[in-house]
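# Structural overview
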4 protein chains.
Amino acid sequence: MGRAHANALARLPMFFPDAPEVERHTLVGRDRDALAGAADRFGFAHTATDWEAAIDEVDVFYNLGPNHVHAEPSIAALEAGVPVLCEKPLAPTLEEAAAMRDAAAATGATAGTAFNYRFVPAIRYAKGLIEDGELGEIRQVRGRYLQDWLVDPEAPWAWRMDADMAGSGALGDLGAHTIDLANFLVGEEVGGIDRVSGQLTTFVDERPVYVDGDAAGEADAEVAEYRDVTVDDAYSAQVAYDSGATGTFEASRVAEGHKNDHAIAVHGSEGSVKFSLERLNELEVLREGNRGYETVFVTEETDPYVDRWWPPGHVIGWEHTFVHENYEFLSAVAEGKSFEPSFADGYEVQQVLAAIQRADKLGEWVEI
Amino acid sequence: MGRAHANALARLPMFFPDAPEVERHTLVGRDRDALAGAADRFGFAHTATDWEAAIDEVDVFYNLGPNHVHAEPSIAALEAGVPVLCEKPLAPTLEEAAAMRDAAAATGATAGTAFNYRFVPAIRYAKGLIEDGELGEIRQVRGRYLQDWLVDPEAPWAWRMDADMAGSGALGDLGAHTIDLANFLVGEEVGGIDRVSGQLTTFVDERPVYVDGDAAGEADAEVAEYRDVTVDDAYSAQVAYDSGATGTFEASRVAEGHKNDHAIAVHGSEGSVKFSLERLNELEVLREGNRGYETVFVTEETDPYVDRWWPPGHVIGWEHTFVHENYEFLSAVAEGKSFEPSFADGYEVQQVLAAIQRADKLGEWVEI
Amino acid sequence: MGRAHANALARLPMFFPDAPEVERHTLVGRDRDALAGAADRFGFAHTATDWEAAIDEVDVFYNLGPNHVHAEPSIAALEAGVPVLCEKPLAPTLEEAAAMRDAAAATGATAGTAFNYRFVPAIRYAKGLIEDGELGEIRQVRGRYLQDWLVDPEAPWAWRMDADMAGSGALGDLGAHTIDLANFLVGEEVGGIDRVSGQLTTFVDERPVYVDGDAAGEADAEVAEYRDVTVDDAYSAQVAYDSGATGTFEASRVAEGHKNDHAIAVHGSEGSVKFSLERLNELEVLREGNRGYETVFVTEETDPYVDRWWPPGHVIGWEHTFVHENYEFLSAVAEGKSFEPSFADGYEVQQVLAAIQRADKLGEWVEI
Amino acid sequence: MGRAHANALARLPMFFPDAPEVERHTLVGRDRDALAGAADRFGFAHTATDWEAAIDEVDVFYNLGPNHVHAEPSIAALEAGVPVLCEKPLAPTLEEAAAMRDAAAATGATAGTAFNYRFVPAIRYAKGLIEDGELGEIRQVRGRYLQDWLVDPEAPWAWRMDADMAGSGALGDLGAHTIDLANFLVGEEVGGIDRVSGQLTTFVDERPVYVDGDAAGEADAEVAEYRDVTVDDAYSAQVAYDSGATGTFEASRVAEGHKNDHAIAVHGSEGSVKFSLERLNELEVLREGNRGYETVFVTEETDPYVDRWWPPGHVIGWEHTFVHENYEFLSAVAEGKSFEPSFADGYEVQQVLAAIQRADKLGEWVEI
């Protein structure tokens, strides 16, 4: 994530010359040696292992650490009047997310949750169609985020598999994206999520920690210990929106054959759209009066953000979503405006995550 | 349905010469005039409006009527020792389905539920891969059946929208297919469905009955009355299998842009498969050792049923599933064997349908 | 081919009740024993090894034999006033094709060339769009027919690899289809083909004839002899139409990974269409005002021939093209009308085939 | 092009830290005012309108101007011992291309032709498969580059439509890419192109030059004059390689519905690959033993260049090909090595372009 944002900052001057000028001032981390190399590579002038001190030195704070270190530093920054862009999900617990949202509200500092997929041109184009009513009344949303990196039971343990550090697994890591994307696309039309039913599943209960220097897949990789996986490998959820529209969501880290397949579909009474991150330059659109989905290549000058980049038909990639996000966030900061997705938006997603977990535990629908 | 089965029977001699010889004896219906024309066209020697009398005359009984007339005649036939092929879902209520299952068990007559999608070559091919363990341990199933014929609120009312006659809507009509297909593909590996959570939604509460002769969409079509829609336009469900595998299912009759999009995906620990009815000659296969899905054109001589038809690469259509189904059913009858999907299989699906409805009503997971 | 047409005839009464009644009278062939079995299976009352005698007995003559036996019997039939449907390509040589065309013109009997792909609903739908001017001025046509059955050098020799019997290889067998399809779709708009450039290639010069009963691929299959392949495994051609529009065509029997991939694309000044036989229920349409190709599922009641078959979204297969073709041909015969594609249409294709062969031989463009 | 290369240079330090350090020294152009803005935006320290003077100041010269200014400055630079990366096609005429190739050979300075599509990871992956013999003996190549920006006859005239400045149209602009890509992929296996047949077509003979400040598509855009289009809107070619393999190529700027659709397919005796630039992170691979094309998402750490960027499954875009190209070129320069594609490679493409033009003019096959 650090790399994705550092790259985004570095690219702004050439492609978004109207963005505020940014100095990459201080890179915060734990390991002094690693920090020095990273700062050099990513163009930071300083490094620090003490985030509190660092916050005093900067005008904007990016919190890109693991979920369990989102709340405290972000709140401290906001209270110091420093705008914050925090990676998603906002926090491992709803309580921390609430505290972050409240801190943002209380201080008025710009606070953003880094749901970068809102900034895909094809998603913005879809949003425009929905806002313009081209899909009619929204009835159904279907979201799915499939990855395969945990298919192998011998894939190594990581902090993302620990409930205390991560909050949840596929749900918080992947599902948070999907739920936010749905909120972004149809939230104004269907209202918030009213209630949810959920299922969380762990297929592999413990995973190896390899001896330092050994890597999974090596013939003689030595396992130091097995640690418990205390989060979900996969989740699914059904949701009902205030308007009566419904949604189904799911994600998996064990979906053999899918690398980064974040797909969302919206069906309205007069049209539909379909999107997949693996083909992020395309949007499938069923327009009123047409008979089938039209594969719209969202690479025209008139498409959101596209005029900043290359001629029509020249595709962009995953990283560009971060450039757009940074542009919008820093512009908001410079103008003293709020940014969307805000901490409140991040909290709203967190509520749904928490409700899905609770619904799974209780075995019943949970109202939000 | 009558047409699909009559066609299947007519085609057997040329393509399945080893099938039992069949005489299309009596066509049963309500409207004497319509019956005569249909019998002539579909090659039946006789017609009848009284099914009880007809059952006495025939060696095999096909029950292709609306759901609410499945139980009584099917049971009567079985009790008369006449084998029965009954359209799906088995019945509008679980009680009737149970009675049908019991009648089949008691009489020992061959009794089949007409889940024709089990007979798609690509599905049989997928089944073979799963049986052979090529997907490893089965973890997740995803099924989806999308249609669009009720998108328009002015689409006319029909018996399929009435709870008493149909039992349920998208759930029973479309979901039954998906649940059975999942049972067929992975049932042996994952066991039965242990518990379900469901959501049923009706987007359009009442629909017009047009004056005789007027049709929806005509400029001056006159509406005689509006009748209540008492079934779901769409459903979704989450399921947990005995083995710990999970599934998500959904169907919709209001999915703009989808005509007959019945899709199923199975993820295992070593591979995956994906299928869509709209491209029924193809199967997407993620094989162990491969990096992406392989589009297998299931049209080789060595593929199930394909050698009966055309040279490699020459696609078949929807109707061919009925020919295969009739071939298998009639062969079973001739040999005095049981047929799968049986009434017991149909009942198993019905249990899930009922549990989904109950889960929706109670707002909680329901065990089966 | 015999099977495809026999099946088509058998299916007419149920789906095209307005088609003329047809009796499958006499099946002609060489091998008396094989004939008896085939006649029984395909529903013919009589068999004959002498086509001349058979022609006297029938009202319509279908010539489905190898290319080198197209001319003589077809001309004899026409001269006897018997309408003829002849498989494609019309003949192995242009001279024979010309004689056939002349016989048809002289006798006035209905004479059809069996280019069945004209009868795919999606192709008819495309034709309608082009006729209605929805693609604007036609500029470019691209046709491609890829198969893989000769990839293996040990695939057995067959009459289709002999110049005397087949005329040409991929060119006549596959290219004839493509050239006719292009003529059908855009012929009225772009005029005939004015000139061509061509390339014919043979990758495998001789192929095995296996000892009777042995089959290619068997471990101990014994080769009786190797016979020369005197036709092309693949061809390509560039064409210029009278209007200034251009085309590129190619076919291959050694295109690994393609079973029956007959694809055609048409680009106009205001729109485009794309079709592939492997997904014959679909047409990709770029309509004026749209941004990308729309995947039209050509399975609506309002689509050509579709109302004869199944509800919207229920796909048909390869064989249905023969049913449509037989329906149109027999209806034309019954009404004493001409049928398209006629022998003149077949001859026009033959001219192009011959010109491509000549262009290849001369190494220069050849005018037609 | 200037933007694409400036961006590439700017990105090297963060992602290719092993690349030589580069100072963006002098930006050369004609319009002093435009230059100042561009230099500022693209990070150049100096500007110049006199390329001769500029060449004296730099260590490497990038020639990104129109085709007719490729030869003289590139040769001057090489003769001054300054390595050159020149945009494609190498020159508008074969003579100039030969002079450039000879200058490179004589001086020994690193000289590269900027065929950036050689640097797509999926293309490199395909190249690896072919080199490893996984496709067997190469038999057929099919290349196609479709764009739509000249569909509208009122699209404005530009230097790319002038034979003197551009040499040719779709042929040189798009076809050069395809021919080079084919050379790269299969050149070692099939040898050079032995002979070609070609067709060049201009559908719109003259195009408007708008009054300064007016733009095509504006309601009241005023046309200052119409200028002749003296190049092709589309070309097609057939080629024969030394080995007996064959190829078909085509490109169009009037292919409605295609933005930047550069597709290439290679068929061998044991496998095939297919690629399209519009989905540049994917490669379709038919492996020996598999039944259909496998969609390989070429985004794994082990794939060419991918480890420099993002985690598996995170797609890159068009611009990344330039980063890879610049990395390779500058590394070659730093090490005093040659770079591929070299000027000799560029000349080889130019030979084919010239032969296609000549073949079109003569109406016959032309040997190379």
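Residues numbered from 1 in each chain as written. Chains lettered and ligands numbered in written order. Predicted model: local features only at pLDDT ≥ 70, side-chain atom pairs only at ≥ 80, totals over all residues. Heavy atoms only, no water.

Going by an unreviewed UniProt entry, chain A carries the name Oxidoreductase domain protein and comes from Halorubrum tebenquichense DSM 14210.

As recorded in UniProt, the sites labelled "domain: Gfo/Idh/MocA-like oxidoreductase N-terminal" (unreviewed entry) are residues 16-111 of chain A. For residues 16-111 of chain A, helix accounts for 43% and strand for 14%, while the C-alpha atoms at its two ends are 21 Å apart. (UniProt positions renumbered as here; feature names shortened; annotations may be inferred. Helix = DSSP H or I, 4+ residues; strand = E, 2+ residues; numbered from the N terminus.)

Before going further, it helps to spend a moment on the interface of chain A and chain B. Each partner contributes residues to the interface: chain A has 43 residues there, and chain B has 43 residues. When residues of chain A are sorted by the area they lose upon contact with chain B, Arg139(A), Gln199(A) and Glu256(A) head the list and together hold 19% of the total. Put simply, chain A and chain B have two salt bridges between them. Linking chain A with chain B are 27 residue pairs in polar contact (both at pLDDT 80 or more), by the criterion used here. Of all the secondary-structure elements, those providing two or more residues to the side of chain A that touches chain B are β6 (138-146), β7 (193-201), β10 (234-241), β11 (246-252), β12 (261-268) and β13 (272-276) of chain A. Broken down by element, the residue count for the side of chain A that touches chain B peaks at six residues, all from β10(A). Split by residue class, the side of chain A that touches chain B holds 14 nonpolar, 20 polar and nine charged. (Contact = heavy atoms within 4.5 Å. Buried area = accessible area lost by both parts, 1.4 Å probe. Salt bridge = Lys/Arg side-chain N within 4 Å of Asp/Glu carboxyl O. Polar contact = N/O pair within 3.5 Å; in protein donor to acceptor, adjacent residues only side chain to side chain. Nonpolar A, V, L, I, M, F, W, Y, C, P; charged D, E, K, R; others polar.)

What follows is about the sheet that holds strand β5 (residues 111-113) of chain A. All names here are of chain A. Read from one edge to the other, the open sheet built from three strands follows the order β3-β4-β5, with strand pairing classed as parallel. Strands with a single pairing partner mark the edges of an open sheet, and in this sheet they are β3 (61-63) and β5. Across the sheet, the axes of successive neighbouring strands diverge by a mean angle of 15°, strand direction being ignored. Pairing of β3 with strand β4 (residues 84-86), which is carried by three bridges, proceeds in the parallel orientation. Note that in β4 the partner of Asn-63 across the bridge is Cys-86. (Pairing = 2+ DSSP bridges. Axes fitted to C-alpha atoms, helices over the stretch in contact; angles between N-to-C directions.)

The next point concerns the interface of chain C and chain D. Interfaces are often sized by the accessible area lost when the parts come together. Taken together, the contact pairs 43 residues of chain C with 43 residues of chain D. Carbon and sulfur atoms make up 46% of the area that chain C and chain D hide from each other, which totals about 3,200 Å². The three residues of chain C that bury the most area against chain D are Arg139(C), Gln199(C) and Glu256(C), which together make up 20% of that side's buried surface. Applying the counting criterion to the chain C and chain D interface returns two salt bridges. A salt bridge links Glu250(C) to Arg142(D); its shortest N-O distance comes to 3.0 Å. Inspection of the region where chain C meets chain D yields 27 residue pairs in polar contact (both at pLDDT 80 or more). The greatest single-element share of the side of chain C that touches chain D, amounting to six residues, is contributed by strand β10 (residues 234-241) of chain C. In terms of residue class, the side of chain C that touches chain D is made up of 14 nonpolar, 20 polar and nine charged.

The next point concerns the packing of aromatic side chains. Residue and element names in this part refer to chain B. Under the defined criterion, the tally for this structure stands at 40 aromatic pairs over all chains. Judged by centre distance (5.9 Å) and plane angle (70°), the ring pair of Phe-16 and Trp-309 falls under edge-to-face. You can see Phe-16 sitting in the loop between α1 (2-15) and β1 (26-28) and its partner Trp-309 sitting in the loop between β15 (294-297) and α9 (320-334), a full 293 residues away along the chain. Each member of the pair Phe-16 and Trp-309 is classed as buried. (Phe/Tyr/Trp six-rings, centres within 6.5 Å; stacked < 30°, edge-to-face > 60°. Buried < 20%, exposed > 50% of the residue type's maximum accessible area, 1.4 Å probe, protein only.)

Residues and elements named next belong to chain D. Take Asn-326: it is sitting in helix α9 (residues 320-335). The class of Asn-326 is buried, set by a relative accessible area of 0%. In contact with Asn-326, not counting residues within four places along its chain, are His-5, Ala-8, Leu-9, Leu-12 and Tyr-62.

Another aspect to go through is the relation of the copies chain A and chain B. When chain A is fitted to chain B, the residual RMSD is 0.0 Å, and the transformation amounts to a turn of 180° plus an axial shift of 0.0 Å. Taken together, these values place the two copies in the relation of a two-fold axis. Judged by C-alpha distance, Glu364(A) is the residue of chain A that lies nearest the rotation axis, at 1.9 Å. A share of 100% of the interface residues of chain A reappears at the interface of chain B, consistent with the copies meeting face to face through the same patch. (Least-squares fit on C-alpha atoms with pLDDT ≥ 70 in both.)

Residues and elements named next belong to chain A. When its domains are assigned, chain A resolves into domain 1 (2-116) and domain 2 (117-316 + 342-367). If you average the C-alpha positions of domain 1 and of domain 2, the two centres end up 23 Å apart. Tallying the contact residues gives 29 residues for domain 1 and 28 residues for domain 2. Summing the contributions of domain 1 and of domain 2, the shared interface buries around 2,400 Å²; its carbon and sulfur component is 66%. Sorting the residues of domain 1 by area buried against domain 2 places Phe-15, Phe-115 and Asn-116 first, and these three jointly supply 29% of that buried surface. Our enumeration of links across domain 1 and domain 2 arrives at two salt bridges. When the shortest N-O distance is used, the salt bridge between Arg-308 and Asp-18 registers 2.9 Å. Counting across the interface, domain 1 meets domain 2 through 13 residue pairs in polar contact (both at pLDDT 80 or more). Of all the secondary-structure elements, those providing two or more residues to the side of domain 1 that touches domain 2 are α1 (2-15), α4 (71-79), β4, α5 (94-107) and β5. When residues of the side of domain 1 that touches domain 2 are assigned to their parent elements, the largest contribution, six residues, is made by α5. Here the residues of the side of domain 1 that touches domain 2 are counted per class, giving 18 nonpolar, seven polar and four charged. (Domains from an automatic or database assignment.)

This brings us to the nonpolar core. Counting residues in each nonpolar core, the largest one holds 165 residues, and the members touching the most others are Leu283(B) and Leu283(C). Beyond its immediate chain neighbours, meaning those up to four positions away, Leu283(C) contacts Ala122(C), Tyr125(C), Ala126(C), Leu129(C), Val273(C), Lys274(C), Phe275(C), Glu294(C), Thr295(C), Val296(C) and Val298(C). Grouped together as the second largest cluster of nonpolar side chains are 164 residues, Tyr327(A), Val366(A), Ala237(D) and Phe329(D) included. (Core = buried A, V, L, I, M, F, W, Y, C linked by side-chain atoms within 4.5 Å.)

Here we take up helix α6 (residues 121-131) of chain B. Residues and elements named next belong to chain B. Within α6, eight of the 11 residues are buried, leaving the element largely enclosed by the surrounding structure. Taken as a whole, α6 has its buried residues at Pro-121, Ala-122, Ile-123, Tyr-125, Ala-126, Lys-127, Leu-129 and Ile-130. Once α6 finishes, Gly-133 follows within two positions and takes phi at roughly 80°, a positive value.

This part takes up the side chain of Asn281(D). Residues and elements named next belong to chain D. Here Asn-281 shows up in the loop between β13 (272-276) and β14 (282-286). Overall, the relative accessible area of 10% leaves Asn-281 in the buried class. Dropping the residues within four chain positions of it, Asn-281 is found in contact with Val-296, Phe-297, Val-298, Thr-299, Val-315 and Ile-316.

Before going further, it helps to examine the pairing of strand β6 (residues 138-146) of chain B. All names here are of chain B. When you tally the buried positions in β6, you get eight out of nine residues, the bulk of the element. Where β6 and strand β12 (residues 261-268) come together, eight bridges link them in antiparallel fashion. Its bridge partner lying in β12, Arg-142 is registered against Ala-265. Sheet topology places β6 next to strand β11 (residues 246-252); seven bridges connect them, and they run parallel.

This part covers the pattern of salt bridges. Taken as a whole and judged by the stated rule, the model has 80 salt bridges over all chains. Notably, a salt bridge pairs Arg118(C) with Asp180(C), separated by 2.7 Å at the nearest N-O pair. One end of the pair, Arg118(C), is in the loop between β5 (111-113) and α6 (121-131); the other, Asp180(C), is in helix α8 (residues 170-190), with 62 residues separating them in the sequence. Asp173(D) is the salt-bridge partner of Arg253(D), the closest N and O atoms lying 3.2 Å from each other. Here Arg253(D), found in the loop between β11 (246-252) and β12 (261-268), pairs with Asp173(D), found in helix α8 (residues 170-190); they are 80 residues apart in sequence, far enough to count as distant. One exposure class covers both Arg253(D) and Asp173(D), and it is buried. Each of the salt bridges in this network shares a partner with another, and the network as a whole consists of Arg11(A), Glu319(A), Arg11(D) and Glu319(D).

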